[in-house]
Every structure is written in C-alpha cells, then in structure tokens.
Protein chains: 4
Amino acid sequence: MGAVKTKRMPRAVREQQMLDAAVRTFGQRGYMAASMDEIAELAGVSKPLVYLYLNSKEDLFTACIRREADALTAAVRAGVRRELPADRQLWEGLGAFFAHTSQNPDGWSVLHLQARTHGEPFASEVAAMRAEIVAFVTQLIVAAAREAHRDPDLPESEVAGLAEALVGAAESLADWANAASGVTARQAAATLMNFAWSGLGNLMDGKPWTAPDAAHEASGQTSPAR
Amino acid sequence: MGAVKTKRMPRAVREQQMLDAAVRTFGQRGYMAASMDEIAELAGVSKPLVYLYLNSKEDLFTACIRREADALTAAVRAGVRRELPADRQLWEGLGAFFAHTSQNPDGWSVLHLQARTHGEPFASEVAAMRAEIVAFVTQLIVAAAREAHRDPDLPESEVAGLAEALVGAAESLADWANAASGVTARQAAATLMNFAWSGLGNLMDGKPWTAPDAAHEASGQTSPAR
Amino acid sequence: MGAVKTKRMPRAVREQQMLDAAVRTFGQRGYMAASMDEIAELAGVSKPLVYLYLNSKEDLFTACIRREADALTAAVRAGVRRELPADRQLWEGLGAFFAHTSQNPDGWSVLHLQARTHGEPFASEVAAMRAEIVAFVTQLIVAAAREAHRDPDLPESEVAGLAEALVGAAESLADWANAASGVTARQAAATLMNFAWSGLGNLMDGKPWTAPDAAHEASGQTSPAR
Amino acid sequence: MGAVKTKRMPRAVREQQMLDAAVRTFGQRGYMAASMDEIAELAGVSKPLVYLYLNSKEDLFTACIRREADALTAAVRAGVRRELPADRQLWEGLGAFFAHTSQNPDGWSVLHLQARTHGEPFASEVAAMRAEIVAFVTQLIVAAAREAHRDPDLPESEVAGLAEALVGAAESLADWANAASGVTARQAAATLMNFAWSGLGNLMDGKPWTAPDAAHEASGQTSPAR
DNA sequence: AATGAATGAGCCTTCATTCAT
DNA sequence: GATGAATGAAGGCTCATTCAT
C-alpha cells in the first residue's frame, strides 16, 4: 500500500513522495486528524526521515500549501493567453482553474479548506495566493472596462469587491462541481462567465437594479442593518 | 476571564453558557484544536458538567452548528419582507446575512469553516442549512425573472448554478467584510447586488459576453479543459 | 424501567430496593464496572439517597455481600433436617445450595466471583461465609465417619482438605449448572454426592488408589514437584 | 522498584517484560483496578510503548491470559508421562498443576479469578483452556475405567459431571494451598487423589451412598428442590 | 541515506462523591 | 424524605517528536 518501498532514492524524489502523501492525507483527513505516522507510511518511508527532510508537521503542511498554491496559479497562468481580450482571458482562466481543482481535489481541499481552517501561519500562506488571484482578476476587470471604452477610472474599492465576489463564486462552484459529479469544468466556467458578465439582469433585460434610497425605506424595521 | 462564575444555575441557562463558550472556542481555535478543558473554563463550569449536559465533544459541536445555523437562517428570514418584489427581498436578505455574520464572526466561522472542514456528521448538518438558503435564493431568482415578464421556464440546472455562484459570492464577501474592517454589511450587500444584478456588464454596456465556439478556438492548447 | 418510582417509602423498604438493584448490577456488570448512577436509576431513586442510606460504593457492596451470604447460608440451613443421618444432611444441603444459586445467579456471582476478585475488604467478608460452610461440611464428614463406626479421630488436616475439595467441587458445579442450562439442582447434587461418596472408585471396584512411594519414582523428572 | 530501566531492548524482550508486569499487576490489583500507568512503570517503560506493542488494555489482558493459559497447560502436559496408567497420569498432572499455580500465583489469579470475572472476550478465552483440561481429565477417567476392566461405555453425561467436579475441586484446592501456606503441591495432590479415587467412602467402607428415592422422601418440604 | 526504539504531554471521558435546597 | 446541580481526580489512549544506530 502507498508508494512502492524503493530504497535509496535521491532526496528530491523522496521529498516529492512525501509531499504527495502529505497532500493526500491532509486533504482527506484534515490537518489535525492526519498523523505523521500515516503520512510516513503512505510515503513508504520511516517517520524520522520525514522529520529529517521536512522538519515538523507544521513545516510539512506549509510545504504542501506552497506546492499546491504554486501548482494552482501555474495552471491558471498556463491556461491564459495574454494576447486575447480580457473577457477571453477570464474565460480561459476560469476553465483552467476548474480543471485543476477537479483533477486535484486533495490539493484543493488543502488550499481551500484545511489551510484556511487552521489559523496561522497557514491562513496567511494561502491568503497570499488568493490575493494574487484576486489581483489578476481585478486587472482583468479593469482591462475589460477599458476595452469597452468605459471610463477606466473605476473606483478601486468598487472593483475590489467585484473581484472578491467573482473569486468567491468561483471557489464555491469548484466545490459544487467536485461534489455534484456531472458538472464539468467547462460548464462551471460557462455558468460563472454568464453570471459575471451579465448578472441576473440577462433574465430580465432592461431592468437594472438600483439600491433603494435609504431615506425612503425607513419604515421597515428589517432593512439591511449596520 | 470567561463568564462570571455564578453557581447553581438552572440547566437551561448553563447549557446556553456552555454553547456560547463552545461557539467562541470552536470558532477561534477550530474544532480539533479546541479542548473541552478550555470550553469548560470559558463557560465557568467544570468539565464533567459539560459532559453531563452535552454528552461529548461531537455532540457539543453538533449542538453549536445547529444553534448557529438556526440563528443565521432566522436572522435572514426576519430581515426579509415577503411582500416586496424579489430584488428587494434579495437585497434585504443579503443585508441581514452580512449583518449577522459580521456581528457573529465565531458562529460564522463554525458554520462556514469548521463544520465543513471536519467531515461527517458535521458537514451534512451545515449542508442542510446551506441547501435551504440556496433554495431560497433560487426561488427569488425565478420570481425575479417572472416579475420581469420573462419566460419563467428557466432551465433548472442553469438557475441552480447561478444560485450556487451567488451564495458562494456572498460567503466569500462575508469573510472579506469580516477581515477587511471598514466594509459594512450594507456595502457588502450593495456590492453583491450590483454584481448579481447586472454583472460586470454594467461596466461595458452593450457588450454581452458569449462563450467562444469550442470548434474555432482549437489553436490554443490551454483553453478550458475537460 | 427499574422499580416503579413510588415516592416516600419507609427507609427499610427503600434500602432493600437499593440492595436489589445493587446485587443485580454488581452481579451482571461486575463491581468496578457497575456505576452508582446505574444502581440508583435501577432502584428508582436519586444518587444522593443511595449515599445517604448506604454511605459509599464500598459499603454498598459490602452490604450486598452480607445480605447474599446470609441468604445463601440461611437457604442451606433451612434445607437440612438435622435429625437425619449425615449423608442425608449433605444431600439436602447440596440440593438447597444448588437450588439457591440457580435461582439467584446475580447473588451467586456477587459472592463467588465479584467479592473474591476485588480484594479486601470484600474477600474476607465472603471468606467468612465460606469458612462457615466448610466447617459445616467438615462436621458432616466427621459425623458420617462416626456413624460408619470408623475411628472418629480422623486427622483434622486430612478432613479439612477433603471438605475444601468438596466445597470447591460444589462451587464449580454451581457455575456449570448455571451455564449449561439443562442441568437441574437435583442432578448437580446427585453428581456431586456420587463423586464425594465413592469417588471414581465406583467405576473400578476394588482398585483403590494409593499414593506412589516417592522413593521409588525418583527416576522420572516430572513427578509432582515441590 | 520494577524492572531495571535498561534502554533500547529488542521488541520481543520488551514485550515479555511488559507481559510480566501486566500479569503481576492484573493478578494483584484486578483487571479494572490495574492502571496502564502502573503496568508501564513496573515494566520500566513509558505508557505509549505499551500501547505501541500491545495495542490496548483489552489486548494486553488477552495476551496475558493466553500466555498464562499456555504456560499452565504446558506445565501440566510436561508433568505427565503418557506411558503410565491413568491413575498415575492423573496424580502427576495434579502435582504439576498445583506446583505451577503455587509458583505462579499471579498467573493463576489472572486465569482463575480475573479473566472469569470480567466478561467477554476474556471469559471465553480462559474457558477454552479450561475445556481442554476438562477434556484431558475426562479422557483419563474413561481410561481408568477401561483399565479396571469396567464397561468403557460410561454415560458421557455422567463422566462430564465428574470431570467438572474434579477440576473444580482442584481449582479450589489450588487457592487453598496458595492461601494456607504450609500445604505443599504434593499434599494438595494427594488429598485430591484420595478424594477423587475413593471418595469419602474410604472413611466408611462398605457403606456406599445411594440417592434417596424422591417418591419416598416427600415429607420434608426442604428436600433438594427443582 | 535511513530506521527501530522510545517518550513527554495532552486530550476525551467517566466516576464516586458532595452541596444546597 | 429526597434531589438537581456540581466537581476533583484519575484513566485509557494518541500524537508529534527525538535518540542511537
């Protein structure tokens, strides 16, 4: 069970085997429930060797996060052709994202669930990657607006929220696609593009939504608080 | 620190104190890292009493999830006036949602992070609540389309994806608002309504997005896979 | 479940209910595995009342031992007609013994297993009862020998061992009869009487056993040691 | 106190040390009262090592039972010369039995008291060993009858009861000899052989016991019941 | 390069027992 | 006469981590 027990491998190879085992174990059992024993066995090595190479459980988990974060951003980057217009870039990026998360569910679980759930120093590790992605999306949104000949001076704060919402929706759809088998990466990407590009407005053309004037709705005691 | 150590309370009261302490501890430390010792101390009681009333760590956590899930759905329900049009209902619901999550960050952490991360039986507990919310949103979307005199026969599957994306965006914005202090519940709700209602299209009117024809884009090896 | 919860009983009655519950619980779960909680519930009272009346788990168990020991010796005594010859008295005593143990398996378990297994002060409590029974049997053996016109000056030590063996056999057969349903008290008594009265010798008339002369068997390295 | 704390022993050795400590502790404190802490300390190791090698308290106890049961049956087997007549074999077997139990009182306590008192899966473990011994005794009885030229077709059920009684008497005498110091294994064996071979009848030759006819003794209400 | 042997520390859980009413 | 509320103490078990080879 686990990797075949071949002896005397060069360090780099062994380390990857360990990280493979660790990502799989962390992804499936969770960070705390995963035991170093299980990881070592799955990697086909003894526990002291894991410590020799990766130092501690915390360091091992951090290494997993970094490797998976790099793999994910690399996959997205590789999936995007920069010479295309912004909307096409977004489409391709989402496709690459969903493809990667669905092919690598343990890694996705490590990044999206485990790392965020178990506090520092893991949370900020993955937050860095997420910030990178949000920045990329933000830039695409700005570029798209410019390409549409709109005023490029969109309020930063506004765009930040939109990018955040878009990325959050993508994360959620990744889980959804992974859980509900039958939804492909392509479908998930299309769903999100439709949502992102025209919103629900495409369901009711010409009826844009406008925030109610706070002054006029004071009658209801249940209007959005704070 | 912790609740004032008042002795001899009726059971119902003590139980709530324990749940308060548990939600706080689970929310901050995480399910596994939280120790029953810490929870008991924070509740101002001895550990055996926690076990006498709540049975086990698992049962205690489940009780937390149920209480917080009920509180969240109740808050949203109470924030929505059913007699209003669908878009207004959504606006109010989002406002109530963001208000509740920002006022109750530990409960939100329990529901959104901890319960989902630590497998059964917790995951399905919170999945039930989420399904309820997704259903509510789905129904609002359908109602909105009908109110806009559009064909109400929207493909189920399409709407399901949209609702999923919308809820995912909301969850993500809740975290964002909680983290980046300075964003109010109202602002978060407005950002999401804008995004949901008109998408990014409002940034570039008249240029709706359309999925590229797969046959024509075969040149790039990195187009959305699968 | 357990005794019907009738309130305000006189103390003596309540105590017996508690002892009933305790004997049953101790007999079935064992002394250590039995919890005061379970006993109190089975007795239909609250735990503090058990402590009020019986003081501690140790005292409660001791009370059980005493009650069951008295019941057992009383049953044997009541079963024996002193005016009969010794062999008939033994026969009746064994019958009464097996009848009692089979009708009262929890009590028998308390006496024969639990009390002996859990050290002082319980072991000596039940040892006292056992000594009484051994003494009774010893006296019967001596009487039987006298009635048979044999020299009544049997060596004490010899008779003591025989009585011990007889009582041990009886205890063992009581367990055997309780376990292997199908063996009645009467059958068990008959089996033991046969064994005790004529030994296995009745299977091979006229071939009494005689201890080998130690001097002559020195050749074997495995003769009874010490 | 306890084994000298020698470090870095091969597993097999350490395991035996642990079993030694466990038998001693279980035998003296009882299964439930014995703590893994105490056993580990007596064995001169840390608790986790006990768990690493023996898995759980239950497994540890089972291992003790098996080891002691094997040791006891091996001792008896080794003490018996099969080429001798049945009565001599019984004599030697009893001698070996009493010798072993007196030299190994903790093991005997584990087998005779602790294992039987604490339910499954322990009870059946020791029941298997006891059944083996009973079978051996049964076969000796049958052989003895055959050697005495008696009809070898003794009723099975009759012999079963006799063997049970004999083994029970032996068990009881083992306790007796262990408690009343001054009785040697040899003396205990002789006492039991006398009892078993000629019964009490040797005290009163020519007066065999016969079961009273049930029909004729109806006068007493206390005759052997059931 | 690699591992068998070993442990300090901590966690979940339970129990006998008592206080205040 | 009777009980709901509460706890100190301990026990089984597991884990991340290290030493000596």
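Note that the structure is a prediction, hence the values are computed from the model and not measured.

A. Inspection of the overall build of chain A at higher detail. Counting its regular elements, chain A contains nine helices and zero strands. Secondary structure elements of chain A, listed N to C terminal, follow the sequence α-α-α-α-α-α-α-α-α. Looking at chain A as a whole, 50% of its 226 residues are labelled buried. Taking as baseline every contact in chain A between residues at least 6 positions apart, the subset at least 24 positions apart corresponds to 68%. Summing over all exposed atoms, chain A offers an accessible surface of approximately 10,500 Å²; the carbon and sulfur share of this is 53%.

B. Just helix H5 (residues 86-103) of chain A, in detail. Taking 1.5 Å as the rise per residue, H5(A) with 18 residues should run 26 Å; its terminal C-alpha atoms sit 26 Å apart, in good agreement. The buried fraction of H5(A) amounts to 14 of the 18 residues, a majority that puts the element mostly inside the structure.

C. Region of interest: the side chain of Arg81(B). Structurally, Arg81(B) can be placed in the loop between helix H4 (57-79) and helix H5 (86-103). Looking at Arg81(B), its side chain comes within polar contact range of the side chain of Glu92(B), at 2.4 Å.

D. Here's a closer look at the protein's contact with DNA strand E. In the vicinity of DNA strand E there are 39 residues, among which Arg8(B), Lys57(B), Arg8(D), Arg14(D) and Pro48(D) approach most closely. By atom count, sugar and phosphate contribute 52% of the portion of DNA strand E lying within 4 Å of the protein. Interatomic distance of 3.2 Å between a backbone N/O atom of Met9(A) and a phosphate oxygen of DNA strand E. The side chain of Arg14(A) places a nitrogen or oxygen atom 3.5 Å from a phosphate oxygen of DNA strand E. Secondary-structure elements contributing two or more residues to the surface near DNA strand E are helix H3 (47-54) of chain A, helix H3 (47-54) of chain B, helix H3 (47-54) of chain C together with helix H1 (11-29) and helix H3 (47-54) of chain D. Taken together, the residues of the surface near DNA strand E sort by class into 19 nonpolar, six polar and 14 charged.

E. Quick peek at the packing of H5(B) against helix H7 (residues 122-147) of chain B. Residues and elements named next belong to chain B. Where H5 contacts H7, the two axes come as close as 8 Å, and the packing angle between them is 150°. What the angle tells us is that H5 and H7 run roughly antiparallel. For the pair formed by H5 and H7, the contact residues are Ala86, Gln89 and Leu90 on the first element and Phe136, Leu140, Ala143, Ala144 and Glu147 on the second. Across the contact of H5 with H7, the residue classes break down as six nonpolar, one polar and one charged.

F. Examining the confidence of the model for chain A more closely. Residue and element names in this part refer to chain A. A residue-level look at chain A finds 81% of positions with pLDDT of 70 or above and a mean pLDDT of 84. Note that pLDDT drops below 50 for residues 1-5; the model gives that stretch five contacts with residues more than four away or on any other chain. Below pLDDT 50 for its whole length, residues 216-223 participates in 13 contacts with residues either more than four positions away or in separate chains.

G. Looking closely at the environment of Ala128(B). Residues and elements named next belong to chain B. Tracing the backbone through its elements, the reader meets Ala128 in helix H7. The class for Ala128 is partly exposed, based on a relative accessible area of 49%. When the C-alpha atoms of Ala128 and Ala69 are compared, they prove to be 9.3 Å apart, with 59 residues separating the residues in sequence.

H. Structural view of the pattern of salt bridges. Residues and elements named next belong to chain A. If you walk through the whole model with that rule in mind, you get 44 salt bridges over all chains. Salt-bridge contacts for Arg11 lead to Glu15; the nearest nitrogen and oxygen are separated by 3.0 Å. One end of the pair is Arg11 and the other is Glu15, both in helix H1 (residues 11-29) and four residues apart, which spans about a single turn. On the basis of relative accessibility, which here comes to 22%, the residue Glu15 falls in the partly exposed class. What you see here is one network of salt bridges that share partners, running through Arg116, Arg130, Glu164 and Glu171.

I. Spotlight on the protein's contact with DNA strand F. In the region of DNA strand F, 37 residues are neighbours, and Arg8(B), Arg14(B), Pro48(B), Arg8(D) and Lys47(D) sit closest. Among atoms of DNA strand F positioned within 4 Å of the protein, sugar and phosphate together represent 54%. Contact distances for DNA strand F include 3.4 Å between a phosphate oxygen and a backbone N or O atom of Ala34(D). Mapped onto the surface near DNA strand F, the elements with two or more residues apiece are H3 of chain A, helix H1 (11-29) and H3 of chain B, H3 of chain C together with H3 of chain D. The biggest single contributor to the surface near DNA strand F is H3(C), with four residues. Looking at the surface near DNA strand F residue by residue, the class counts come to 18 nonpolar, six polar and 13 charged.

J. The arrangement of the packing of aromatic side chains in detail. Using the criterion set out here, one finds 30 aromatic pairs over all chains in the structure. With a centroid separation of 5.6 Å and 45° between ring planes, the pair formed by Phe26(C) and Tyr31(C) is classed as tilted. Judged by its relative accessible area of 9%, Tyr31(C) falls in the buried class. Ring centres of Phe97(C) and Phe98(C) lie 5.4 Å apart, and the angle between their planes is 65°; on these two criteria the pair is classed as edge-to-face. Note on accessibility: Phe97(C) and Phe98(C) belong to one class, buried. Counting every residue linked through ring pairs, the aromatic cluster contains Phe26(A), Tyr31(A), Phe61(A) and Phe122(A). Residue placement shows Lys57(A) over the ring face of Tyr31(A); its charged tip is 4.9 Å from the ring centre.

K. Structural context of the environment of Phe122(C). Positionally, Phe122(C) belongs in helix H7 (residues 122-147). On a C-alpha basis, the gap between Phe122(C) and Asp59(C) in space is 9.8 Å, while along the polypeptide they are 63 residues apart.

L. Examining the environment of Met9(C) more closely. Locating Met9(C) in the fold gives a position in the segment before helix H1 (11-29). Ignoring anything within four residues of it in the chain, the contact list for Met9(C) reads Arg14(C) and Gln17(C).

M. Local environment of the side chain of Glu171(A). Along the chain, the position of Glu171(A) falls in helix H8 (residues 156-179). Given a relative accessible area of 9%, Glu171(A) falls into the buried group. In contact with Glu171(A), not counting residues within four places along its chain, are Phe97(A), Trp108(A), His112(A), Arg116(A), Arg130(A) and Ser172(B).

N. Highlighting the UniProt feature "DNA-binding region" (unreviewed entry) in chain A. The UniProt feature table records "DNA-binding region" (unreviewed entry) at residues 35-54 of chain A. Regarding residues 35-54 of chain A, the helix share stands at 80% and the strand share at 0%, and the terminal C-alpha atoms are separated by 14 Å.

O. Local environment of unusual backbone geometry. Here Glu120(B) and Pro121(B) are connected by a cis peptide whose omega angle stands at 0°. Structurally, Pro121(B) is set in the loop between helix H6 (105-117) and H7. Phi angles above zero are rare outside glycine, and Asn55(A) is one such case at about 80°. Inspection of the secondary structure assignment puts Asn55(A) in the loop between H3 and helix H4 (57-79). For Asn55(A), a relative accessible area of 53% corresponds to the exposed category.

Reading the values: rules and limits
- Residues numbered from 1 in each chain as written.
- Chains lettered and ligands numbered in written order.
- Predicted model: local features only at pLDDT ≥ 70, side-chain atom pairs only at ≥ 80, totals over all residues.
- Heavy atoms only, no water.
- Helix = DSSP H or I, 4+ residues; strand = E, 2+ residues; numbered from the N terminus.
- Buried < 20%, exposed > 50% of the residue type's maximum accessible area, 1.4 Å probe, protein only.
- Contact = heavy atoms within 4.5 Å.
- Areas by Shrake-Rupley, 256 points an atom, 1.4 Å probe, with all protein chains shown as cover.
- Expected span 1.5 Å × (residues − 1).
- Polar contact = N/O pair within 3.5 Å; in protein donor to acceptor, adjacent residues only side chain to side chain.
- Near = heavy atom within 4 Å.
- Nonpolar A, V, L, I, M, F, W, Y, C, P; charged D, E, K, R; others polar.
- Axes fitted to C-alpha atoms, helices over the stretch in contact; angles between N-to-C directions.
- Parallel < 35°, antiparallel > 145°, perpendicular 65-115°, else oblique.
- pLDDT = per-residue confidence, 0-100.
- Salt bridge = Lys/Arg side-chain N within 4 Å of Asp/Glu carboxyl O.
- Phe/Tyr/Trp six-rings, centres within 6.5 Å; stacked < 30°, edge-to-face > 60°.
- Lys NZ or Arg CZ within 6 Å of the ring centre and 35° of its normal.
- UniProt positions renumbered as here; feature names shortened; annotations may be inferred.

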